[in-house]
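Each chain is listed here by its residues.
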Amino acid sequence: MTATTEVAVKPRTVVLAAAFAVAAVVLALVSLSLGTTKLPLDEVLRALFGGGDSGTRLIVIELRMPRVATGLLVGIAFAVSGALLQTLSRNPLASPDIIGVNSGASAAAVGVIVLAGTGGGNISGAAERIGLPLAAVLGGLLATLIVGLLSIQRGVVDASKVVLIGVGVAAAANSLVAWLLVIGDVTDAGRAAAWLAGSLNARTWSDAVPVGLAVTVLLPVAMMFGRELEALVLGDDVASSLGVRVSRVRLALLVVATVLAAMATAGAGPITFVALVAPQVAQRLARTDRPPLLTTAMLGALFVTLADLIARNGLQVLQVGPYELPVGVVTAAAGAPYLLHLIGRQQKGR
Amino acid sequence: MWAVRRVSRPVALILVATAVVLAFVASLALGSRWLGPGAVGHALLSPDGSDADVIVRSLRLPRTVVALVIGVCLGIAGALMQGHTRNALAEPGIFGVSAGAALAVVLGLQVGLVETVGSTVWCALIGALVATFAVQRLASRGSGATPVGLALTGAAVAAMLGALTSAIVLLDANTLDGYRFWAVGSVAGRGFDVVGQVLPFALVGVLLAVVNARDLDLLSLGDDVAAGLGLSVRRARLVGLLAIGLLTAAGVAACGPIGFLGLLSGHVARRIFGARNAWLIPAAGLTGAAALILADLVGRLVGGAGEVQAGVVLGIVGAPLFVLVVRRRAVAL
């Protein structure tokens, strides 16, 4: 019996996960060292471990670390969320971008920006610092709750329906966003558009900590369901004959996936494409039949950190100007060609 | 509630067509000023320049015709797309076509090329067609396009183009100001000139879709089976993609990205008419037309002075309807 209850861990997935984790940490350190004041890497390390002078510690720990930490954490959260949703629905297009979580969060957040906006592109301190992330979390969870309630029929949750109903809810929320953008003042619309692209600019510890909590609690929970996920890939009938309570497991993992995505969206906006691309890339590189969770999580962290590094410094390096791009622009612009490359290689291999 | 399922498919098709006609007439008659059927008939058949005639002929008729044509285009495109990717989530929005059109419109706004609705149309058409071509080329590398490869390629291209669009929009407030009104999706202010510009693309697209219907039935058995039955899978996919590209390009160029319309009509039609494409494709077209005309009408009626755009109505009213349809039965593609 032990043979069927234990999940065979492929060495390849572990090696990849470790490699991605190391790369993510290295890039995070590089990111901590770059900025208006360039710090050498050894000073960054010393500041992280409590040494160095107080000025360096302030820059590294209070100013730059929140941004880097938020990036790493939302990367993990979005990637795991996408991996769970794609596995549960057996649909490679499923991701929190598409099934309503991010759209619900966006509609709520854009609502706050446009309706509470002063017309000058600024909303007052409290509304921005607490209201915006809170609205995003609530909007995301509300959308999920609607999707969840509508998907349950006679106590059964059908995977393909969760995704489709999610798309319907997402469509409604997206139209609301488009409408809010049209009725809003153009400056507010600009602010909303920047939020919608997903950005790590000016993050503080109050952005990083909630995502951190969500990841610390929910990533282990998701990993505990490894055997169930493995079985669900084979289809509901096979899974339930292997003793998996399909409906209950699916509902539990759906909750995990959406809370992760909603918290991540509150932390950094709906960074596009991470949740869709990280699981697909991890799965193709690890050559497994479903996205390997830990590898996907580490890849997500690496991906967002790299994208943020490019978003912050790319335009300066190219000498276009002193602008910073939102990280979401880079995740899509850089992630998409890589996914295309992997699909192409796979098709040649067939 | 779905009594239609118990009548035969020809009858159901006639019912849907009747719905389109009724929606069309209602769209001419209703608005901030309500006109009777007599006044509408008078305006269409023997206009003499009265207020009612002007309202119907120059305000309501053009946008209703646009909604009819574009509804057919996007409805058929949705059904085709779901068939070719064998993915229930496929719609113009996740296929790169709308994103290509959006990027072209934003670039046009940026360099000052786009000022009128007419010039938006050309920009969007070119962008949509280039994006379709790119998706087609990228998806058929190696041994040809698989349904999963096609869906993911479309999503990847859409994300990439969307990123470029938002980068441009974020760096330039003027472009954002123009773009947001295009991106919401509406038929207001579109006239017969717009119909004239997109009609050739729409007609060729519909023709290709009809030709593709039987091949798509075979493809739904799986690529290997279809090839075994003597179908050239590669050519069937190419024709389908070309039809999707032309139809979506016409739709998005005229009205902005109303991707949800394709998704909605594809599923509603599949629910009523089943999976045979000879029925599904015309049914999806008619469903799309009825939905877009009604969405525009509702937007006009609830909005008062400032009307609500058809794209918004379609999302907010259409989404619950869509949920109702997909809840009823598992979707078999």
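Given the structure is predicted, the values throughout are model-derived calculations rather than measurements.

How each quantity is defined
Residues numbered from 1 in each chain as written. Chains lettered and ligands numbered in written order. Predicted model: local features only at pLDDT ≥ 70, side-chain atom pairs only at ≥ 80, totals over all residues. Helix = DSSP H or I, 4+ residues; strand = E, 2+ residues; numbered from the N terminus. Rg over C-alpha atoms; globule rule 2.2 N^0.38 Å. Buried ≥ 20, exposed ≤ 12 C-beta atoms within 10 Å, placed from the backbone. Contact = placed C-beta atoms within 7 Å. Nonpolar A, V, L, I, M, F, W, Y, C, P; charged D, E, K, R; others polar. Expected span 1.5 Å × (residues − 1). pLDDT = per-residue confidence, 0-100. Core = buried A, V, L, I, M, F, W, Y, C linked by C-beta atoms within 7 Å.

**Some details on the overall build of chain B**
- Along its length, chain B carries 13 helices and zero strands.
- Against the globule reference of 20 Å for 333 residues, chain B gives a C-alpha radius of gyration of 20 Å, in line with a compact fold.
- Its C-alpha atoms give chain B principal-axis dimensions of about 65 × 55 × 35 Å.
- Out of the 333 residues belonging to chain B, those deemed buried represent 57%.

**Let's talk about the overall build of chain A**
- Within chain A, the secondary structure is distributed over 15 helices and two strands.
- The C-alpha radius of gyration of chain A comes to 20 Å, within 12% of the 20 Å expected for a compact globule of 350 residues.
- Taken along the three principal axes of its C-alpha coordinates, chain A extends 60 × 50 × 40 Å.
- Long-range contacts, defined as pairs at least 24 residues apart, comprise 78% of the intrachain contacts of chain A with a sequence gap of at least 6.

**Topic: the interface of chain B and chain A**
- Contacts between chain B and chain A engage 49 residues on the former and 48 residues on the latter.
- Listed by contribution, the elements that provide at least two residues to the side of chain B that touches chain A are α6 (147–171), α7 (173–183), α11 (259–273) and α13 (310–328) of chain B.
- Tallying contributions element by element places α6(B) first for the side of chain B that touches chain A, with 18 residues.
- Of the residues that constitute the side of chain B that touches chain A, the class distribution is 35 nonpolar, ten polar and four charged.

**Focus on unusual backbone geometry**
Residue and element names in this part refer to chain A.
- A positive phi angle, near 50°, is found at Arg287, a position not held by glycine.
- Inspection of the secondary structure assignment puts Arg287 in the loop between α13 (274–286) and α14 (293–317).
- Judged by the 11 C-beta atoms lying within 10 Å of it, Arg287 is exposed.

**Describing helix α5 (residues 101–115) of chain A**
- With 15 residues, α5(A) extends 21 Å from end C-alpha to end C-alpha; this agrees with the ideal 21 Å at 1.5 Å per step.
- Of all 15 residues making up α5(A), 13 are buried, and the element is well covered by its neighbours.

**Quick word on the confidence of the model for chain B**
All names here are of chain B.
- Looking at chain B, pLDDT values average 83 and 92% of them are 70 or higher.
- Ranking the elements of chain B by mean pLDDT puts helix α2 (residues 37–45) last with 79 and helix α12 (residues 277–303) first with 90.
- On the interface metric, ipTM, the complex scores 0.78, and its pTM is 0.81.

**Examining α12(B)**
- End to end, α12(B) covers 37 Å across 27 residues, agreeing with the expected 39 Å (1.5 Å per residue, within 8%).
- In terms of burial, α12(B) is a largely internal element, 21 of the 27 residues being buried.

**Side note on the environment of A:Val74**
All names here are of chain A.
- When you line up the elements, Val74 lands in helix α4 (residues 54–89).
- In sequence terms Val74 and Ala268 are 194 residues apart; their C-alpha atoms lie 7.2 Å from each other.
- Excluding its chain neighbours within four sequence positions, the residues that come into contact with Val74 are Val211, Ala264, Gly267, Ala268, Ile271 and Val304.

**Considering the nonpolar core**
- Counting 248 residues, the largest nonpolar core has A:Ala77, A:Leu260, B:Ile76, B:Leu247, B:Ala249 and B:Ala253 as the members making the most contacts within it.
- For this core, the leading source of residues is α4(A), giving 17 residues.
- Every residue in contact with B:Ile76, bar those within four places of it in the chain, is listed here: B:Val206, B:Ala209, B:Leu247, B:Ile281, B:Ala284 and B:Gly285.

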